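Here is how the chains run, residue by residue.
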Amino acid sequence: MQKYRMIFWGILPIILLTAIIVWIVNNGTGVSNNPAAPIEVLNIEKIKLDENGFEVKVLNSGPEEVTIAQVVVDDSFWNAEFAPSDTLQRFETGTINIPYPWVYGDPHEIKLITSSGLIFSGEVAVATDTPKASPELFWQYALIGFYVGIVPVGLGLLWYPFLRRFTTKGMHAILALTVGLLFFLAVDTIEEGLEMAAGAPGVFQGTGLVWMGALLSFLFLVAIDQSNDKKISRASAQGKSLSYKIAAGIGLHNFGEGLAIGAAFASGEAALGTFLVIGFTLHNITEGVGIASPLLKERPTWKTFVSLAAIAGGPAILGTWVGGFIFNDTLAALFFGIGAGAILQVIYAISKMIVKQSSDKGLSPVSWINFGGLTMGILLMYVTALLVNF
Amino acid sequence: MSQEKNISRRSFLKAGAAGAFAIFGGSWLSSFTSAQKSLQTMDKHQLHEEMKHGFVPSSEKTKGYQMAWDALTKFDYGKVSTLADGRTLREYEITAAETNIEISKGITFPGWTYNNTIPGPTVRCTEGDVIRVHFRNTTSHPHSIHFHGIHPTNMDGLEAIPPGGEFVYEFEAKPAGMHVYHCHVAPLARHIHKGLYGNFIIDPIKPRAKATEFNMVMNGFDLDLDGENEVYTVNGYAFAYMQEPIKVKVGELVRIYLSNMTEFDLINSFHLHANFFNYFATGADPEARPNYTDTIMQCQGERGILEIVFPAPGKYMFHAHQSEFAELGWMGFFAAE
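Calculation rules
- Residues numbered from 1 in each chain as written.
- Chains lettered and ligands numbered in written order.
- Predicted model: local features only at pLDDT ≥ 70, side-chain atom pairs only at ≥ 80, totals over all residues.
- Heavy atoms only, no water.
- UniProt positions renumbered as here; feature names shortened; annotations may be inferred.
- Helix = DSSP H or I, 4+ residues; strand = E, 2+ residues; numbered from the N terminus.
- Buried < 20%, exposed > 50% of the residue type's maximum accessible area, 1.4 Å probe, protein only.
- Contact = heavy atoms within 4.5 Å.
- Areas by Shrake-Rupley, 256 points an atom, 1.4 Å probe, with all protein chains shown as cover.
- Phe/Tyr/Trp six-rings, centres within 6.5 Å; stacked < 30°, edge-to-face > 60°.
- Lys NZ or Arg CZ within 6 Å of the ring centre and 35° of its normal.
- Patch = residues over 30% accessible without salt bridge, like charges linked within 9 Å, V, L, I, M, F, W, Y side chains within 5 Å.
- Salt bridge = Lys/Arg side-chain N within 4 Å of Asp/Glu carboxyl O.
- pLDDT = per-residue confidence, 0-100.
- Pairing = 2+ DSSP bridges.
- Lys, Arg positive; Asp, Glu negative; His and termini not counted.
- Polar contact = N/O pair within 3.5 Å; in protein donor to acceptor, adjacent residues only side chain to side chain.
- Axes fitted to C-alpha atoms, helices over the stretch in contact; angles between N-to-C directions.
- Parallel < 35°, antiparallel > 145°, perpendicular 65-115°, else oblique.
- Left-handed = near helix turned anticlockwise from the far one by under 90°.
- Nonpolar A, V, L, I, M, F, W, Y, C, P; charged D, E, K, R; others polar.

Labelled according to an unreviewed UniProt entry, chain B appears under the name Copper-containing nitrite reductase, originating from Paenibacillus spongiae. Per its UniProt entry, chain B bears the Subunit (unreviewed entry) comment "Homotrimer." Recorded in UniProt under Catalytic activity (unreviewed entry), the annotation for chain B is "nitric oxide + Fe(III)-[cytochrome c] + H2O = Fe(II)-[cytochrome c] + nitrite + 2 H(+)".

As annotated in an unreviewed UniProt entry, chain A carries the name ZIP family metal transporter and is attributed to Paenibacillus spongiae. For the record of chain A, the UniProt heading Subcellular location (unreviewed entry) holds the text "Membrane".

So this is what it looks like as structure tokens:
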């Protein structure tokens with residue numbers, strides 16, 4: 001009897017909820033409220049250019065179906081073909097083919113007017129043929145990613161012999177510099193993610209994805225770290241594992257850089273893409289210093305350095321491919337969030353290491369020289385970042 | 001790194017030294033861009049058939065299309081009777097209503113209308129007639145009717161008629177010529193733009209030469225309420241007379257009563273291809289020499305009479321000679337045969 005009563009009270013709320021929902025469905029809420037204006041959201045996700053004109057990919061992320069009544073290009077009514085239809089259901093994507101004699105190097109504006117008279121705009125900043133996927137283009141993008149990621153990080157790692165001649169205090173200062181540069185990267189990655197989120201369909205909570213991605217990836221990596229702590233008995237392995245973590249965090253960040261470069265090339269901002277390549281290359285060389293610093297007390301083989309460079313720099317290649325061929329604001333926002341979380345976790349790990357070693361040797365964890373290192377790290381990233389901001 | 005995703009070409013060129021640096025870098029990495037290839041491609045490729053003609057309107061005869069065609073030839077002479085003093089009395093019924101108007105195929109505009117159309121009915125009478133307009137406001141906002149012309153000031157439409165209210169405008173119609181009427185309640189821009197206007201024709205006592213006559217109101221529609229029109233039309237429907245040309249006879253006199261009630265844009269215009277016409281501004285001065293031309297412009301409220309003879313069979317395009325207006329709906333054809 002006690003068991004049945006327990007079941008009864010467990011089921012009762014569900015039954016009542018069902019009854020209420022059925023009532024509302026059959027009788028309405030009793031609140032008559034017509035929206036003052038039609039609620040429609042149409043996201044222009046991608047605009048491709050080729051010799052036939054424009055191909056526009058759109059997504060209906062609003063609450064109701066949307067009918068596109070008219071296409072306007074540069075303030076002219078224009079004919080277009082809609083696939084599968086000019087009417088899109090909620091969350092349905094469609095493709096609009098617009099035969100148009102676009103002008104190389106000029107900006108164009110495409111407006112979609114819905115049957116309710118709402119207008120949604122897409123911009124072609126600089127018109128040029130959208131690169132088509134081909135083995136040659138894959139190779140070119142890979143080369144770009146290589147220049148942006150692996151080369152500068154590898155060059156940065158070459159400072160290792162020079163850095164090894166430092167005292168413990170000096171090593172801590174270098175680690176602090178690493179924290180500084182990673183802090184800059186974390187802030188920058190979040191900003192980048194929020195910017196992507198602003199361009200994502202609102203229904204996908206792009207902004208929230210950045211923060212949630214950051215939080216979950218941070219905690220995930222901390223959990224892995226803590227579970228690994230029980231397994232690692234040799235102190236000598238700590239430095240190397242920390243370097244791999246730094247490399248992984250930086251790798252996630254460089255994936256984001258690849259996204260930006262690939263998207264710039266794909267959208268016709270080729271000169272901007274080239275500019276980004278040069279800027280990122282100069283900017284990323286300092287990342288090599290950060291990766292090398294935990295290894296200063298150890299004698300790693302050259303294979304370790306190669307794999308660290310690959311882990312930190314390689315994702316830039318993948319990012320360039322994704323940015324150039326696929327690109328999606330929502331997923332980009334989530335990924336930037338994950339990258340930021342990974343970097344924050346590395347900052348946490350390095351800081352913990354500095355504090356522990358400082359207490360072991362009776363040193364101050366936030367000494368003036370450490371503060372100087374931190375500041376220098378931030379300044380280095382800031383100055384080199386000027387090359388890719390304007 | 002952060003990158004302004006929507007960098008326009010102009011803002012990019014403003015980068016100056018950064019741009020120069022990019023150019024240097026670009027020449028070094030030129031093999032990685034498709035710019036050179038696409039330039040060559042553009043030089044050689046032939047534009048597809050669809051690109052040559054610009055917009056081709058739908059052939060569907062929608063409700064909005066029909067409205068524009070009705071406005072072209074429909075004149076409201078009112079209900080005619082004779083007053084005790086022998087003058088002709090014409091009575092009209094005009095109702096202000098909130099009406100969704102189709103201004104282009106599939107595009108709905110939330111209009112305020114006279115008698116459910118944009119433009120409102122073309123009121124027509126003869127100079128000296130007494131016109132009596134029974135005005136009724138069935139909307140949720142105050143409205144009025146302001147007639148352009150000469151009349152007592154208490155019949156001038158400055159008094160707003162409240163929602164549900166009625167008013168009778170009565171005055172002797174003068175001077176003969178082409179006029180307009182519109183709502184004169186503040187804010188004026190909204191009341192006019194939403195569609196409360198129409199043509200007002202006062203014929204001279206001595207009739208004008210016999211002709212095929214058309215009525216045209218040039219107007220625009222702002223869909224996103226940013227103070228800029230997205231669609232421009234004649235008689236309220238985009239490309240109505242391109243979808244179906246207006247048939248006229250070779251050698252016959254064609255008369256067009258043309259007005260401009262476009263809000264937000266300072267002027268509108270009318271241009272005829274392959275021919276000229278005589279233009280009488282306002283059409284109120286019987287001594288006036290016409291302007292013999294192919295293009296005229298009007299500010300809001302300006303109007304005039306065009307008289308055209310089409311000399312040979314063919315399709316004569318007419319449109320605003322403001323390219324943006326023309327390509328956003330204000331374009332059509334006369335088909336002479």
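Participant: I'm lost on the overall build of chain A in this one. Help?
Facilitator: Helix and strand counts for chain A stand at eleven helices and nine strands. Here chain A holds 390 residues, and 48% of them are scored as buried. A separation threshold of at least 6 residues defines the contact pool for chain A, and within that pool the share at least 24 residues apart is 77%. As displayed, chain A offers around 18,400 Å² of accessible surface, 67% of which is attributable to carbon and sulfur atoms.

Participant: Explain the packing of aromatic side chains to me, please; I cannot follow it from the model alone.
Facilitator: Aromatic rings considered in pairs are described by the distance between their centres and by the relative angle of their planes. Inspection of every chain in the model, using the stated rule, returns 34 aromatic pairs over all chains. A ring pair is formed by Trp78 of chain A and Tyr100 of chain A, whose centres lie 4.8 Å apart and whose planes are at 65°; its orientation type is edge-to-face. Remark: Tyr100 of chain A occurs in the loop between β7 (93-99) and β8 (108-114) and Trp78 of chain A occurs in strand β4 (residues 76-78); sequence separation between them is 22 residues. Each member of the pair, Trp78 of chain A together with Tyr100 of chain A, is buried. Aromatic ring contacts, followed pair by pair, group Tyr114, Phe135, Phe147, Phe167, Tyr169, Phe171, Tyr181 and Phe200 of chain B into a single cluster. Taking NZ or CZ as reference, Arg124 of chain B lies 4.7 Å from the ring centre of Phe75 of chain B, over its face. Here Lys315 of chain B stacks its cationic end above the ring of Phe333 of chain B, 4.6 Å away from the centre of that ring.

Participant: Got a minute to help me understand a nonpolar patch on the surface in this structure?
Facilitator: A surface patch of nonpolar side chains, about 570 Å² in accessible area, is lined by Met1, Tyr4, Ile7, Ile11 and Ile15 of chain A. Structurally, Met1 of chain A can be placed in the segment before α1 (2-27).

Participant: Which parts of the structure should I look at to understand the UniProt feature "transmembrane region" (unreviewed entry) in chain A?
Facilitator: Residue and element names in this part refer to chain A. The UniProt entry lists residues 7-25, 138-160, 172-190, 202-224, 305-327, 333-355 and 367-388 under the feature "transmembrane region" (unreviewed entry), expressed in the numbering used here. Helix makes up 91% of residues 138-160 and strand 0%, whereas the separation of the span's terminal C-alpha atoms amounts to 33 Å. Between the C-alpha atoms that bound residues 172-190 there is a distance of 27 Å. The span itself is 100% helix and 0% strand.

Participant: What is the right way to look at the confidence of the model for chain B in this model?
Facilitator: The predicted coordinates ought not to be read in detail in places where the model reports low pLDDT. On average, chain B scores 87 in pLDDT, and the residues at 70 or more come to 84%. Across residues 1-47 of chain B, confidence stays below pLDDT 50; counting only partners more than four residues off in sequence or on other chains, it has 83 contacts.

Participant: Quick question: what am I supposed to make of the sheet that holds strand β9 (residues 197-203) of chain B here?
Facilitator: Picture the strands of a sheet paired through backbone hydrogen bonds; they go either parallel or antiparallel. Residue and element names in this part refer to chain B. With respect to topology, four strands assemble into an open sheet ordered β4-β9-β8-β6, the strand pairing being mixed. Lying at the two open borders of the sheet, with one neighbouring strand each, are β4 (123-126) and β6 (146-147). Two strands pair when backbone bridges link them, and β4 and β9 are joined in this way by four bridges, in the parallel orientation. When the bridges of β9 are listed, Val123 appears paired with Phe200.

Participant: Help me out: how do you make sense of the pairing of strand β13 (residues 253-260) of chain B in this one?
Facilitator: A regular strand places its side chains on the two faces of the sheet in alternate fashion. All names here are of chain B. Within β13, seven of the eight residues are buried, leaving the element largely enclosed by the surrounding structure. Alignment of β13 against strand β18 (residues 303-309), held across seven bridges, turns out to be antiparallel. Of the residues in β18, the one forming a bridge with Arg255 is Glu307.

Participant: Where do I start with the side chain of Glu102 of chain B in this structure?
Facilitator: Residues and elements named next belong to chain B. As for its position among the elements, Glu102 is in strand β2 (residues 88-104). Of the side chains with opposite charge, Lys105 lies nearest to the buried Glu102, which makes no salt bridge, at 6.6 Å. Within the structure, Glu102 has its side chain in polar contact with the side chain of Thr62 (distance 3.0 Å). A polar side-chain atom of Glu102 sits 3.1 Å from the main-chain amide nitrogen of Gly106. Excluding its chain neighbours within four sequence positions, the residues that come into contact with Glu102 are Thr62, Lys63, Gly64, Met67, Ile107, Gly236 and Tyr237.

Participant: Is there a simple way to explain the pairing of strand β19 (residues 314-319) of chain B in this structure?
Facilitator: Residues and elements named next belong to chain B. In the sheet, strand β14 (residues 267-272) pairs with β19 via two bridges, with the strands oriented antiparallel. Across the sheet, residue Leu272 finds its bridge partner in β19, namely Phe318. In this structure, β19 lies alongside strand β20 (residues 331-336), joined through six bridges in antiparallel fashion. Each residue of the ladder has a partner; that of His319, found in β20, is Met331.

Participant: When you look at the packing of helix α4 (residues 168-199) of chain A against helix α11 (residues 368-385) of chain A in this model, what are you seeing that I'm missing?
Facilitator: A pair of packed helices is characterised by two quantities: the angle between their axes and the separation of those axes. All names here are of chain A. For the pair α4 and α11, the least separation of the axes is 7 Å and the interaxial angle reads 40°. On the basis of their axis angle, the class for α4 and α11 is oblique. For the element pair α4 and α11, the recorded crossing hand is right-handed. On α11, the residues that touch Lys169, His172, Ala173, Ala176, Leu177, Val179, Gly180, Leu181, Phe183, Phe184 and Leu185 of α4 are Ile369, Asn370, Gly373, Leu374, Met376, Gly377, Ile378, Leu380, Met381, Tyr382 and Ala385.

Participant: It is not clear to me how the packing of α4 of chain A against helix α10 (residues 329-361) of chain A should be interpreted in this structure. Could you clarify?
Facilitator: All names here are of chain A. Put simply, α4 and α10 touch, their axes get as near as 8 Å, and they point 160° apart. Comparing their axes, α10 and α4 come out roughly antiparallel. Regarding α4 and α10, the two cross each other, and that crossing is left-handed. Each residue belonging to the contact of α4 with α10 can be placed in one class, and the counts come to 21 nonpolar, ten polar and three charged.

Participant: Any chance you could explain the sheet that holds strand β17 (residues 295-299) of chain B here in plain terms?
Facilitator: Residue and element names in this part refer to chain B. Ordered in space as β12-β20-β19-β14-β17, the five strands form an open sheet in which the pairing is mixed. Each edge of the open sheet is held by one strand with a lone partner, namely β12 (246-248) and β17. On average, adjacent strands in this sheet sit at an angle of 20° to one another, irrespective of strand direction. Here β14 runs beside β17; their pairing, made up of five bridges, is antiparallel. Bridge pairing in β17 links His271 to Thr295.

Participant: How should the pattern of salt bridges be read in this particular structure?
Facilitator: When their charged atoms lie close together, side chains carrying opposite charge are able to pair. All names here are of chain B. Going through the model one piece at a time under the given rule, you end up with 14 salt bridges over all chains. A salt bridge links Glu213 to Arg255; the nearest nitrogen and oxygen atoms lie 2.8 Å apart. Residue Glu213 is found in strand β10 (residues 212-221), and its partner Arg255 is found in strand β13; the two are separated by 42 residues along the sequence. The residues Glu213 and Arg255 share a single accessibility class, namely buried. A cluster of three or more residues bridged by salt bridges with shared partners is formed by Arg124, Asp203, Arg208, Glu213, Arg255 and Glu307.

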